[in-house]
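Structural overview for review
Listed below are the residues making up each chain.
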Amino acid sequence: MKFWLGAAFVDTGEYLGLARAADRLGYDTVAISDHIFYTDYDADYPYSDTGAPPYKPGTHWPDVWVTIGAMAAVTERVRFATNVYIPPARDLFTVAKAVSTAAALSGDRVTFGVGVGWCKDEFVQTGQDFHTRGKRLDEMIPALRTLWQGGMVEHHGAHYDFGPLSIAPVPAEPVPVYVGGDSDAALRRTARIGDGWIGNRIYSEDQLQQLLDRLSGFLAERGRTLDDLEVIAPIGAMPSADLYRKWADRGVDGTMAAPWWLASPDDKATYGEGLKLKVATMERFADEVIAKM
């Protein structure tokens, strides 16, 4: 079982300290989330009853690739992932160059977690069509893989048409592409083009089993099984080695952890609510869970 550190809603100044701690403590991946700006959104946030997002105007959303580059410079082992990045809200070559540069600088420690996005406002401001975002992502992923091969390449499709041309630097190894989301469209996309799948919410054990059954069905349509991709699933149960062993046997390869969300009042009294608290709870989780796997 791999343990991803879910580092959403974190102040920008804490990322380097979290990355160093994750590198030292045996976490597999630091996952960073993506938004371009905050506004009074016209679009409803799809994962709340009110349609309001669970963050505020002052919540930090640093550029993911700049942040990954900085974290990579102060670590040696831990990987970095986007959970998730919204490629169709950007142009193809901006995405290709940012990911390839981060992969090159980190020594190929980048996992590219992608989604279609819910926030129409961001697409409007970046000049990208919100309504074709799914179809464009479906075409963008193979186009990006072509660009990351290096050398003179070309692609001629419905939404992207280029080449022969080349970009540099390119990754020394293929960048794994993990698809986020639990809609049928997201799971079909995972089965069709994904190297892995990332859950986008905390799932009860019943919900997770139902989701894995759905994903298995879509994979079977493509002649694939859960063994053909990596499944990263946040699990809504008290963390323990026994819990994660059980789900590893059911096809889950990794989970998401943000140990400071389980901090006690005593923890907060001792460490405050900043980086010291986060690192202390990461250390405890590593001792009580990761070390026992």
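The notes below deal with the structure included here. Positions within a chain are numbered from 1, following the residues in the order the chain's sequence is written. Per-residue local features are limited, in this predicted model, to residues with pLDDT of at least 70; the limit for side-chain atom pairs, both in listing and counting, is 80 or more; totals at the level of whole chains, interfaces and linings are taken over all residues. The side-chain quantities take in all heavy atoms of the structure and omit both hydrogens and water.

1. Quick notes on the overall build of the protein
Only DSSP runs of H or I reaching four residues or more are called helices, and only runs of E reaching two or more are called strands; each is numbered from the N terminus. Helices and strands together make up the secondary structure of the protein, namely 10 helices and 10 strands. The C-alpha atoms of the protein give 19 Å as radius of gyration, which agrees with the globular expectation for 293 residues (19 Å, within 12%). Pairs of residues are marked as contacts when any of their non-hydrogen atoms sit within 4.5 Å. Taking contacts inside the protein between residues at least 6 apart in sequence as the whole, the part at least 24 apart equals 69%. For accessible areas, the Shrake-Rupley method is used with a probe of radius 1.4 Å. Any residue's cover is judged against the shown protein chains and nothing else. Summed over its atoms, the accessible surface of the protein is roughly 13500 Å², and 49% of this surface lies on carbon and sulfur atoms. Counted as positive: Lys and Arg. Counted as negative: Asp and Glu. His and the chain ends are not counted at all. The location of each charge is read from NZ of Lys, CZ of Arg, CG of Asp or CD of Glu. Side chains of the protein carry 29 positive and 40 negative charges; the gap between the two charge centres is 1 Å. Our radius of gyration looks at C-alpha atoms and nothing else; its globule reference is 2.2 Å times the residue count to the power 0.38.

2. Some thoughts on the nonpolar core
In terms of nonpolar packing, the biggest core is built from 73 residues, with Tyr27, Trp65, Phe112, Leu144, Trp197 and Met282 touching the most fellow members. Only buried residues count toward a nonpolar core. Its members are Ala, Val, Leu, Ile, Met, Phe, Trp, Tyr and Cys residues joined through side-chain atoms within 4.5 Å. Relative accessibility decides the category of a residue: with a 1.4 Å probe and only protein chains considered, values under 20% of the type maximum give buried, values over 50% give exposed, and everything between is partly exposed. Counting 12 residues, the second-largest nonpolar core is a separate cluster that includes Val84, Ala89, Phe123 and Ile232.

3. Quick word on the packing of aromatic side chains
Stacked, edge-to-face and tilted are the three classes for Phe, Tyr and Trp ring pairs, Trp counted by its six-membered ring, which pair at centre distances within 6.5 Å; planes under 30 degrees apart are stacked, over 60 edge-to-face, the rest tilted. Enumeration over the complete set of coordinates arrives at 19 aromatic pairs. Ring centres of tyrosine 27 and phenylalanine 285 lie 6.2 Å apart, and the angle between their planes is 20°; this geometry places the pair in the stacked category. Remark: phenylalanine 285 occurs in helix H10 (residues 275-288) and tyrosine 27 occurs in the loop between helix H1 (15-25) and strand E2 (29-32); sequence separation between them is 258 residues. The buried category is assigned to phenylalanine 285, whose relative accessible area is 8%. Ring centres of tryptophan 197 and tyrosine 203 lie 6.1 Å apart, and the angle between their planes is 40°; on these two criteria the pair is classed as tilted.

4. Let's talk about the packing of H1 against H10
In this analysis an axis means a line fitted to C-alpha atoms, helices contributing only their contacting stretch, and an angle means the value between N-to-C directions, from 0 to 180 degrees. Orientation of H1 relative to H10, taken along the N-to-C sense of each, is 15°, at an axis distance of 10 Å. Viewed along their axes, H1 and H10 adopt a mutual orientation that is roughly parallel. For the crossing formed where H1 meets H10, the hand is right-handed. Contacts between H1 and H10 involve Gly17, Leu18, Ala21, Ala22, Arg24 and Leu25 from the former and Leu275, Lys278, Val279, Met282, Glu283 and Ala286 from the latter. Side-chain classes are defined by residue name, with Ala, Val, Leu, Ile, Met, Phe, Trp, Tyr, Cys and Pro counting as nonpolar, Asp, Glu, Lys and Arg as charged, and the others, Gly among them, as polar. By residue class, the composition of the contact of H1 with H10 is eight nonpolar, one polar and three charged. Just so you know how the angles are binned, under 35 degrees is roughly parallel, over 145 roughly antiparallel, 65 to 115 roughly perpendicular, and the rest oblique. Should the near helix be turned anticlockwise from the far one by less than a right angle, the crossing is termed left-handed; should it be turned clockwise, right-handed.

5. Quick notes on the pairing of strand E6 (residues 161-165)
For a regular strand, side-chain orientation follows a simple rule: the groups alternate between the two sheet faces. Judged from the three bridges that link them, strand E5 (residues 153-156) and E6 form a sheet pairing that is antiparallel. Looking across to E6, one finds that histidine 156 is bridged to aspartate 161. Pairing between strands requires that DSSP locate at least two bridges from one strand to the other.

6. A closer look at the environment of alanine 52
Mapped onto the fold, alanine 52 is located in the loop between E2 and helix H2 (64-73). Residue classification places alanine 52 among the partly exposed positions, given a relative accessible area of 39%.

7. Structural notes on the side chain of threonine 190
Along the chain, threonine 190 turns up in helix H6 (residues 184-193). For threonine 190, a relative accessible area of 0% corresponds to the buried category. For threonine 190, the residues in contact, after removing those within four places along its chain, are Val179, Gly196, Trp197, Leu215, Arg224 and Leu229.

8. Focus on unusual backbone geometry
For the peptide bond that leads from asparagine 83 to valine 84, omega is -10°, which places it in the cis range. Its location among the elements puts valine 84 in the loop between strand E3 (79-82) and helix H3 (92-106). In this structure, the amide linkage connecting alanine 168 to the following residue, proline 169, adopts the cis form with an omega of 5°. Take proline 169: it is sitting in the loop between E6 and strand E7 (177-180). Phi at phenylalanine 9 takes a positive value of approximately 65°, unusual for a residue other than glycine. Relative to the helices and strands, phenylalanine 9 resides in the loop between strand E1 (2-6) and H1. Positive phi, normally seen in glycine, also occurs at aspartate 108, with a value near 60°.

9. Quick notes on the side chain of threonine 111
Relative to the helices and strands, threonine 111 is located in strand E4 (residues 110-114). Contacts of threonine 111, omitting those with residues within four sequence positions, involve Trp4, Arg79, Phe80, Ala81, Thr82, Pro176 and Tyr178.

10. Remarks on the pairing of E2
Of the two faces of E2, the one holding Thr29 and Ala31 and the one holding Val30 and Ile32 are both buried throughout. Pairing analysis gives three bridges linking E1 to E2, with the strands arranged parallel. Across the sheet, residue leucine 5 finds its bridge partner in E2, namely valine 30. With the strands pointing away from the viewer, any crossover whose connection runs clockwise from the first strand over the helix to the second is right-handed. In this fold, the crossover linking E1 to E2 by way of H1 has right-handed handedness. Two elements, E2 and E3, share four bridges in a ladder whose sense is parallel. Of the residues in E3, the one forming a bridge with alanine 31 is alanine 81.

Read these as spatial facts, not as claims about activity.
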